[in-house]
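# Residue-level structure breakdown
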Amino acid sequence: MSNDIEYLVKIEGDTAYLAVSGKASYMNCRNVGDYFAKVAESHCKHLVIDLGKCLSMDSTFLGMIAGVALRLGKENADVKLLNLNERNRQLVENLGIYKLVKIARTAEDNNVGGTGLGVSNARQDTILQAHENLVKADGQNLKKFEDVISFLKKERDK
């Protein structure tokens, strides 16, 4: 699975960058969550996520984007998504994430570069939080993810 994805990150001044290449999913995004926490703790004012080479995103990864956007929004910082393909744009729109982020058609910096993140499965608590973030982004998502959220809560409480 690790061959299917690459995450490149860097922080320059008050701007953090993430470039995604491949299929972003719960099976490989654990370190992205850690990076997003670092971005928030570093008081970055801008997070730029280049999805130009991102083939697909699952609900966990999208929920992580929603979570960092909610957190940064409280600090008057912004998240910008660049180079969304049509399918990824539909996902961002259908899940209401567009309400939390800025969307740009082309990259301001087509060469995000940076350091590669390791790839590992997201933790169960991270997956739960990601789906709860999607509900915070748009209340209509509760219908879409209530079974997933309920299952993950039951597993957590065992």
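Structure: see above.
First, a word on what this report is: a plain description of the structure on this page.

### Side note on the pairing of strand S3 (residues 46-57)
Summarising the sheet, strand S2 (residues 15-24) and S3 pair through nine bridges and their orientation is parallel. Residue pairing across strands places Ser-21 opposite Lys-53, the latter belonging to S3. With five bridges connecting them, S3 and strand S4 (residues 78-82) associate as parallel partners. Its bridge partner lying in S4, Asp-50 is registered against Leu-82. Assessed by its sense of winding, the connection that carries the chain from S3 through helix H2 (residues 59-73) to S4 is right-handed.

### A closer look at the nonpolar core
Grouped together as the largest cluster of nonpolar side chains are 45 residues, with contacts concentrated most on Leu-18, Val-20, Phe-36, Ile-49, Met-57 and Phe-61. It is H2 that contributes the most residues to this core, eight residues altogether. In contact with Phe-36, other than residues within four places in its own chain, are Leu-18, Leu-47, Ile-49, Met-64, Ile-65 and Val-68.

### Considerations on the sheet that holds strand S5 (residues 102-104)
Reading across from one edge, S5-S4-S3-S2-S1-S6 is the order of the six strands in this open sheet, with mixed pairing throughout. One side of each edge strand has no neighbouring strand; the edge strands of this open sheet are S5 and strand S6 (115-116). Two strands pair when backbone bridges link them, and S4 and S5 are joined in this way by three bridges, in the parallel orientation. From the neighbouring strand, Leu-81 faces S5, where its bridge partner is Ile-103. Running over the sheet, H2 touches strand S1 (5-12), S2, S3 and S4 and is turned about 170° from S3.

Definitions and cut-offs
- Residues numbered from 1 in each chain as written.
- Predicted model: local features only at pLDDT ≥ 70, side-chain atom pairs only at ≥ 80, totals over all residues.
- Heavy atoms only, no water.
- Pairing = 2+ DSSP bridges.
- Helix = DSSP H or I, 4+ residues; strand = E, 2+ residues; numbered from the N terminus.
- Right-handed = clockwise from strand over helix to strand, strands pointing away.
- Core = buried A, V, L, I, M, F, W, Y, C linked by side-chain atoms within 4.5 Å.
- Buried < 20%, exposed > 50% of the residue type's maximum accessible area, 1.4 Å probe, protein only.
- Contact = heavy atoms within 4.5 Å.
- Axes fitted to C-alpha atoms, helices over the stretch in contact; angles between N-to-C directions.

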